[in-house]
Amino acid sequence: MSRASKLTLLGTSAFALGTVALVHWQQQAEKEAMHAGVIRDMEQQRIKRERQLDFEMQRELENEYKKLQTVRDVTDQMDPVPTKPDALTAGLPRPSAAGSIPVGGAIGTGTGTGEK
């Protein structure tokens, strides 16, 4: 075997071994990432179960308190919200010209009234 063929064989063998090692390392990394995803999903499911149990416990407490206390809905007894502008201002005092705030000046400075 010539020197060039030995070097070519050595180079291709090293390249093949490097490729195999790289692929093995990449598969291990993917396997660990997938396992971490499973662990994360299990933790999320545990948290979800805890929240559901808390919700059910709160619902049971609410039902128990409703049995012990009389609770009534006061929103049914409230007057409806007026929609006309006249109904909104009914009963409010009308603004008078004597008590108006001067335009163009600060309050209490005497400016803006047109008098000098």
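Everything quoted here is computed from the prediction, not taken from an experiment.

Conventions adopted
Residues numbered from 1 in each chain as written. Predicted model: local features only at pLDDT ≥ 70, side-chain atom pairs only at ≥ 80, totals over all residues. Heavy atoms only, no water. Helix = DSSP H or I, 4+ residues; strand = E, 2+ residues; numbered from the N terminus. Buried < 20%, exposed > 50% of the residue type's maximum accessible area, 1.4 Å probe, protein only. Areas by Shrake-Rupley, 256 points an atom, 1.4 Å probe, with all protein chains shown as cover. Patch = residues over 30% accessible without salt bridge, like charges linked within 9 Å, V, L, I, M, F, W, Y side chains within 5 Å. Salt bridge = Lys/Arg side-chain N within 4 Å of Asp/Glu carboxyl O.

Draft legend 1. Just the overall build of the chain, in detail. Along its length, the chain carries two helices and zero strands. Looking at the chain as a whole, 1% of its 116 residues are labelled buried. Of the roughly 11500 Å² that the chain leaves accessible, carbon and sulfur atoms contribute 60%.

Draft legend 2. Structural context of a nonpolar patch on the surface. A cluster of nonpolar side chains, namely Val-38, Ile-39 and Met-42, defines an oily patch on the protein surface of about 270 Å² accessible area. Topologically, Val-38 is positioned in helix H1 (residues 3-68). For Val-38, a relative accessible area of 45% puts it in the partly exposed group.

Draft legend 3. Structural detail: the pattern of salt bridges. All chains considered together, the criterion is met by three salt bridges. Glu-43 serves as the salt-bridge partner of Arg-46, at 2.3 Å between the closest nitrogen and oxygen. One end of the pair, Arg-46, and the other, Glu-43, are both in helix H1, three residues apart, so they sit about a helical turn from each other. Taking relative accessible area as the criterion, Arg-46 reaches 33% and is therefore assigned partly exposed. In this structure, the salt-bridge partner of Arg-46 is Glu-50, at a minimum N-O distance of 2.4 Å. In this pair, Arg-46 and Glu-50 are both assigned in helix H1, four residues apart and thus about one turn of the helix distant. A cluster of three or more residues bridged by salt bridges with shared partners is formed by Glu-43, Arg-46 and Glu-50.

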